[in-house]
Amino acid sequence: MRLRKRKRCFPSCSSLHKVDEDEIYWRHRKKDEELEWSHNSTHLVSQFAQCFSNAMVGSRSWIGALFNRSNTRRNADYLLTPIQEQRLQRLQERVNVPFDEARPDHQEALCSLWHCAFPNVSLKGLISDQWKEMGWQGPNPSTDFRGCGFISLENLLYFVRTYPTSFNRLMTKKGGKRATWEYPFAVAGINISYMLIQMLDLHSEKPRCLPGINFVRLLGEDEEAFDVLFCVAFEMMDAQWLAMCAEYMDFNEVLRATRLQLERELSLEDIHRIQDLPAYNLLYQ
């Protein structure tokens with residue numbers, strides 16, 4: 001709103017209380033300046049609020065970037081406790097193990113995933129069209145692990161063994177009104193594992209981003225924190241899928257929205273255990 005310039009009113013000579021004209025001029029000028037400052041500050045606050053609103057709904061939050069920059073500088077030299085350092089190192093070793101279809105233990109893990117997911121259905125072989133029922137892209141699941149590694153299979157195994165009800169509900173797409181073109185369940189799991197590794201900065205000697213730093217603290221409380229976080233992230237991704245009425249080609253956008261929400265939850269100050277994450281309750285809906 002544009003402010004009108006005040007018309008200066010000088011007292012007449014007949015006024016009972018005469019005031020010096022210069023004093024009146026400066027008094028009104030001061031009021032005009034105060035009003036102008038108030039108008040400008042209100043406009044700035046409005047702009048700031050708009051920027052904040054845009055940031056919170058955008059795919060990349062400037063406030064998240066601000067958190068990362070300020071906390072990276074402040075926490076660049078943070079110290080790990082011996083248990084945190086030990087567990088982080090073990091997790092990083094898991095991250096660096098590629099899936100090898102020639103290794104018997106990797107073959108056994110893959111077969112275990114099938115038997116846990118479909119306990120009443122016999123698996124015909126490590127290469128079979130049956131795997132498509134779980135959401136692999138083809139008859140040979142090993143080709144889908146190239147984007148991540150063995151840890152993504154471990155994550156899926158942990159999910160089905162620890163939260164079987166949640167796992168089967170997501171795998172069979174029981175919840176909500178589903179899109180015509182669904183996301184492939186198993187391949188989605190591999191993408192979630194990869195997203196978490198990048199988000200938590202696990203390829204660095206120690207995480208430098210705020211969510212990663214807070215995650216290491218959670219890892220110090222629970223060595224299974226990464227596997228549990230995978231399960232929580234899978235539930236969050238599926239919830240985002242339904243909320244966005246997404247289709248197959250929207251998967252990357254859904255994954256970005258999931259990451260943003262997870263970063264926010266991991267940045268909360270009152271998160272001391274992985275079970276404190278607000279989204280953890282999704283595993284028991």
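So, how was this worked out
Residues numbered from 1 in each chain as written. Predicted model: local features only at pLDDT ≥ 70, side-chain atom pairs only at ≥ 80, totals over all residues. Heavy atoms only, no water. Axes fitted to C-alpha atoms, helices over the stretch in contact; angles between N-to-C directions. Helix = DSSP H or I, 4+ residues; strand = E, 2+ residues; numbered from the N terminus. Contact = heavy atoms within 4.5 Å. Nonpolar A, V, L, I, M, F, W, Y, C, P; charged D, E, K, R; others polar. Expected span 1.5 Å × (residues − 1). Buried < 20%, exposed > 50% of the residue type's maximum accessible area, 1.4 Å probe, protein only. Polar contact = N/O pair within 3.5 Å; in protein donor to acceptor, adjacent residues only side chain to side chain. Patch = residues over 30% accessible without salt bridge, like charges linked within 9 Å, V, L, I, M, F, W, Y side chains within 5 Å. Areas by Shrake-Rupley, 256 points an atom, 1.4 Å probe, with all protein chains shown as cover. Salt bridge = Lys/Arg side-chain N within 4 Å of Asp/Glu carboxyl O. Core = buried A, V, L, I, M, F, W, Y, C linked by side-chain atoms within 4.5 Å. Phe/Tyr/Trp six-rings, centres within 6.5 Å; stacked < 30°, edge-to-face > 60°.

With their axes 9 Å apart at the nearest point, helix α8 (residues 210–221) and helix α9 (residues 225–243) run at an angle of 120° to one another. Listed contacts from α9 to Phe215, Leu218 and Leu219 of α8 are Ala225, Phe226 and Leu229. Looking at the contact of α8 with α9 residue by residue, the classes come out as six nonpolar, no polar and no charged.

The terminal C-alpha atoms of helix α10 (residues 251–266) lie 22 Å apart, and with 16 residues this matches the ideal 22 Å at 1.5 Å per residue to within 8%. All of the buried residues in α10 are Phe251, Val254, Leu255, Thr258, Leu260, Leu262, Glu265 and Leu266.

By the element assignment, Thr162 lies in helix α5 (residues 150–162). Along the sequence, Thr162 and Cys231 sit 69 residues apart, while their C-alpha atoms lie 9.3 Å from each other. Reaching out from Thr162, the side chain makes a polar contact with the backbone oxygen of Tyr158 at a distance of 2.8 Å.

On the surface, a cluster of nonpolar side chains totalling about 450 Å² of accessible area is made up of Trp181, Tyr248 and Met249. Mapped onto the elements, Tyr248 comes out in the loop between α9 and α10.

Glancing now at α9. With 19 residues, α9 should reach 27 Å at 1.5 Å per residue; the first-to-last C-alpha distance of 26 Å fits that figure. Burial analysis of α9 places 15 of its 19 residues in the buried class, which makes it a mostly covered element. Cys245, located one to two residues past α9, shows a positive phi value of around 50°.

What follows deals with the nonpolar core. Ranked by internal contacts, the top residues of the largest apolar core, which has 69 residues, are Met134, Trp136, Leu196 and Phe234. Mapped onto this core, the elements with two or more residues apiece are α3 (82–95), α4 (104–117), α5, α6 (164–171), α7 (185–199), α8, α9 and α10. When residues of this core are assigned to their parent elements, the largest contribution, 12 residues, is made by α9. If sequence neighbours within four positions are ignored, Phe234 has contacts with Leu156, Phe159, Leu170, Tyr183, Phe185, Ala188, Gly189 and Ile192.

Another aspect to go through is the environment of Phe226. Assignment of secondary structure puts Phe226 in helix α9. For Phe226, a relative accessible area of 1% translates into the label buried. Counting along the chain gives 10 residues from Phe226 to Val216, while the straight-line C-alpha distance between them is 9.5 Å. Contact partners of Phe226, with chain neighbours within four places excluded, come to Leu91, Ile151, Asn155, Ser193, Leu196, Ile197, Leu200, Leu202 and Phe215.

The next point concerns the side chain of Arg178. Mapped onto the secondary structure, Arg178 falls in the loop between α6 and α7. Engagement of the side chain of Arg178 in a polar contact is seen with the side chain of Asp238, the distance being 2.8 Å. What Arg178 contacts, discounting residues up to four positions off in sequence, is Lys173, Tyr183, Asp238, Trp241 and Leu242.

In this section: the packing of aromatic side chains. What the rule picks out here adds up to 16 aromatic pairs. With 5.4 Å between their ring centres and 70° between their planes, Trp114 and Trp131 make a pair best called edge-to-face. Residue Trp114 is found in helix α4, and its partner Trp131 is found in the loop between α4 and α5; the two are separated by 17 residues along the sequence. The class for Trp131 is buried, based on a relative accessible area of 0%. On the basis of an interplanar angle of 85° and a centroid distance of 6.2 Å, the ring pair of Phe159 and Phe230 is categorised as edge-to-face. Here Phe159 is found in helix α5, whereas its partner Phe230 is found in helix α9, with 71 residues between them in sequence. Overall, Phe159 belongs to the buried group, its relative accessible area being 0%. Judged by relative accessible area, Phe230 falls into the buried class, the value being 0%.

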